[in-house]
Amino acid sequence: MNQSSNIDLLKVSDLKVAYGKVNALTGIDLTLKEGQLVTVIGPNGAGKTTLLSAIMGVLPSSGIIRFDDKEFTSPEVETLVGHGLGLVPEKRELFTSMSVQDNLLLGAFLRYRKGDKTYDKTLAEIYSLFPRLWERRQQQAGTLSGGERQMLAIGRAMMSKPKLLMLDEPSLGLAPLITREIFRIFSDLRRQGVSILLVEQNARAALRVADYAYVLEGGQVAMQGPAAELANDPKVIETYLGLANKHQELLSS
Amino acid sequence: MNFQIATLLGQDGLTNGAIYALLALSILLVFTVTRILLIPLGEFVTFGALTMAAIQMGKAPVLEWLLLLLTTIDCSLDIYQQARTRIDKTKLQKTALKLGYALLMVGLMHYLNLAETPMFFQAVLTLCLIVPLGPIMYRLFFQPLADAPALVLLIVSIATHVAMVGVGLLLFGPEGARTQPFSDSGFRLGNVMLKSQTLWIILVSIVLIVSLFIAFERTLYGKALRATAVNRMGARLQGISPVFAGKATFALAAFLGAASGILIAPITTLYYDSGFIISLKGFVGAIIGGLISYPIAAIGAVAVGMIEAFSMFWASNYKEIIVFTLIIPFLIWRSMNSQHVEDEE
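Just so you know, these numbers come straight off a predicted model, no measurement behind them.

Participant: What am I meant to see in the overall build of chain A here?
Facilitator: Check the secondary structure of chain A and you find twelve helices and ten strands. For chain A, whose C-alpha radius of gyration is 18 Å, the value lies close to the compact-globule estimate of 18 Å for 253 residues. Along the first, second and third principal axes, the C-alpha atoms of chain A reach 50 × 45 × 40 Å. When the 253 residues of chain A are sorted by exposure, 52% land in the buried category. For chain A, the share of sequence-separated contacts (at least 6 apart) that also reach a separation of at least 24 residues comes to 66%.

Have a look at this one:
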């Protein structure tokens with residue numbers, strides 16, 4: 001926790017989400033301090049994506065979401081974006097028929113509307129972070145490869161200079177090498193002081209970059225603690241990390 | 001056919017084409033942003049023309065009561081929604097402002113000596129009455145099902161069109177109306193007589209089309225509207241509200257429709273139900289542009305106007321058939337050349 005301060009940036013209390021009568025989240029409490037990288041891991045269907053969608057306001061929820069000293073209950077997406085929350089959703093949600101550059105510029109839409117003209121600088125920073133996007137800036141976003149799309153989705157979210165960046169499964173469907181590159185970028189971002197809430201299937205990599213971790217199971221927080229401690233917890237190793245060799249054996253059997 | 005007739009027909013074709021181009025652009029604009037095929041666009045044209053005519057005759061067009069009624073429904077929905085969550089002061093102020101505007105328009109229509117006001121002011125009044133109907137229409141009929149499949153939106157759009165034709169008959173009666181031209185003078189170019197209204201139509205259309213093009217291709221606001229069309233959730237995550245985008249495009253479409261109505265009212269007699277066929281010809285232009293390309297749609301719409309004018313000379317009975325048959329070769333050509341960009345990864 002080298003850079004994090006003691007101010008709570010995001011504090012979620014008793015967050016509940018239901019799909020009809022099915023409860024997807026049953027009372028989640030989660031805290032993220034400024035400058036921290038917090039990860040949420042857990043098996044399929046544990047409610048990780050639901051959690052991010054509820055915090056962002058994409059899904060209706062009950063419970064209190066406290067972000068940047070303001071309280072929200074089941075907020076509107078646009079409101080939270082305006083307060084500096086950014087989400088890179090699992091489906092990316094890019095503007096596929098528009099150019100890469102336009103996608104990035106639209107990320108700064110709210111800054112532009114508020115009269116902040118410094119977004120050109122952010123654009124240059126993002127291009128230097130992702131040189132591939134610079135090479136392809138005139139290309140339609142729909143023609144990019146999976147890894148490039150993920151870079152574009154992250155870059156677009158960063159154009160708004162969010163106080164907190166939430167990422168949903170950024171490594172989904174990406175080759176290991178590109179995953180490694182993307183995780184390296186998270187460390188870079190954190191060093192720049194961006195707070196990150198990361199939802200990942202790849203628990204091993206997530207626990208390595210994170211400061212603090214939550215384990216979600218069946219819509220509840222099953223475990224939490226500093227990431228380094230959780231990574232050595234026997235139960236976590238058993239369920240989520242596995243012994244690498246054993247895992248490979250099982251895969252090929 | 002001699003040169004004189006050809007230039008006359010060309011003049012007619014160009015004026016009609018310019019109007020069709022404006023309508024084609026509105027259809028395209030609304031379709032790309034909201035996925036709605038705006039069939040009631042023609043009603044904005046007739047409402048514009050007939051309101052202008054009523055104002056010039058010095059009587060209130062009755063449309064202000066429709067505006068007041070719809071605004072009241074809109075505002076009560078707003079208040080109902082807020083009562084369920086929590087009362088927000090700025091939103092209440094907005095609601096009050098909307099109601100106040102509608103009341104002001106009613107007042108203006110009844111206390112102003114309408115026939116005596118200058119023509120420019122009459123046109124502004126007409127636009128002030130009709131443009132707010134666009135966003136209200138979006139709010140009441142389309143916003144609750146913004147995520148519905150395009151087919152549902154199309155059906156609602158047809159229903160709105162039918163309802164508005166009925167409302168048009170109720171408000172303006174079955175008689176047609178024509179307005180005075182903007183200016184009486186004619187121009188002589190060589191040995192060809194140009195009607196001044198023709199020049200007005202072409203000039204205003206070009207100005208509107210160029211400013212639309214600049215707004216949509218060059219500014220971030222235009223791109224934001226286009227982005228909503230491409231991916232609603234993606235746009236919301238950047239803080240672009242699809243509700244705002246929908247209302248903005250409907251306001252723009254209502255403006256372009258009403259402006260077209262005001263422009264053509266001096267050269268054609270319009271009835272409460274003439275709007276449909278006019279907007280359908282704009283639609284042909286939009287189809288030629290594949291419902292995507294603004295410049296091709298505009299050129300297509302002008303071509304529609306030209307072909308209409310010349311077929312009026314050679315085969316006037318088959319005029320409409322010739323124009324609407326135009327769609328078929330373009331649809332075949334489009335379907336053979338279409339390329340799909342993969343949407344999902």
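Participant: Teacher, can you tell me more about the side chain of E78(A) here?
Facilitator: As for its placement among the helices and strands, E78(A) is situated in helix α2 (residues 77–82). Of note is the side chain of E78(A), whose polar atom sits 3.2 Å from the side chain of R236(B). If sequence neighbours within four positions are ignored, E78(A) has contacts with R236(B), G239(B), I240(B), S241(B) and P242(B).

Participant: Even after reading the chapter, I still don't get the interface of chain A and chain B, so can you show me in this structure?
Facilitator: Note: interface size is frequently given as the accessible area lost on complex formation between the parts. Each partner contributes residues to the interface: chain A has 29 residues there, and chain B has 23 residues. Contact with chain B buries area across many residues of chain A, yet E78(A), F95(A) and F109(A) alone supply 22% of it, more than any other trio. Where chain A touches chain B, the interface holds three salt bridges. Our count for the chain A to chain B interface comes out at four residue pairs in polar contact (both at pLDDT 80 or more). Put simply, the parts of the chain that give the side of chain A that touches chain B at least two residues each are α2, α3 (100–107), α4 (109–113) and α7 (146–158) of chain A. Here the residues of the side of chain A that touches chain B are counted per class, giving 14 nonpolar, five polar and ten charged.

Participant: Where do I start with the UniProt feature "transmembrane region" (unreviewed entry) in chain B in this structure?
Facilitator: All names here are of chain B. Within the UniProt annotation, "transmembrane region" (unreviewed entry) is assigned to residues 20–42, 95–113, 119–138, 150–172, 198–216, 250–271, 283–306 and 318–336. Taken as a whole, residues 283–306 contains 79% helix and 0% strand, while its terminal C-alpha atoms sit 15 Å from one another. Helix makes up 89% of residues 318–336 and strand 0%, with an end-to-end C-alpha separation of 28 Å.

What counts, and where the lines are drawn
- Here the residue numbers are simple positions, counted from 1 along each chain's written sequence.
- Chain letters and ligand numbers both follow the written order, the letters beginning at A and the numbers at 1.
- Totals for whole chains, interfaces and linings use all residues, but because this is a predicted model, local features are given only for residues with pLDDT of at least 70 and pairs of side-chain atoms are given and counted only at 80 or more.
- As a rule here, side-chain values come from all non-hydrogen atoms in the structure, and water together with hydrogens is ignored.
- Helix numbering and strand numbering both begin at the N terminus, where a helix is a DSSP run of H or I of at least 4 residues and a strand a DSSP run of E of at least 2.
- We take the radius of gyration over the C-alpha atoms and set the globule estimate at 2.2 Å times the residue count to the 0.38 power.
- Each residue gets one of three labels from its accessible area relative to the maximum for its type: buried under 20%, exposed over 50%, partly exposed in between, using a 1.4 Å probe on protein chains only.
- Any two residues having at least one pair of non-hydrogen atoms within 4.5 Å are treated as being in contact.
- Definition of a polar contact: a pair of N or O atoms within 3.5 Å, with one able to donate and the other able to accept a hydrogen when the atoms are protein atoms, and with sequence-neighbouring residues admitted only if both atoms are side-chain atoms.
- Accessible area that two parts lose when put together, with a 1.4 Å probe and added across both, is what the buried area reports.
- Throughout this description, the term salt bridge denotes a Lys or Arg side-chain nitrogen within 4 Å of a carboxyl oxygen of Asp or Glu.
- For this scheme, ten residues count as nonpolar: Ala, Val, Leu, Ile, Met, Phe, Trp, Tyr, Cys and Pro. Four count as charged, namely Asp, Glu, Lys and Arg, and the remainder, Gly too, count as polar.
- UniProt positions are given in the numbering used here, feature names are shortened, and annotations may be inferred rather than shown by experiment.

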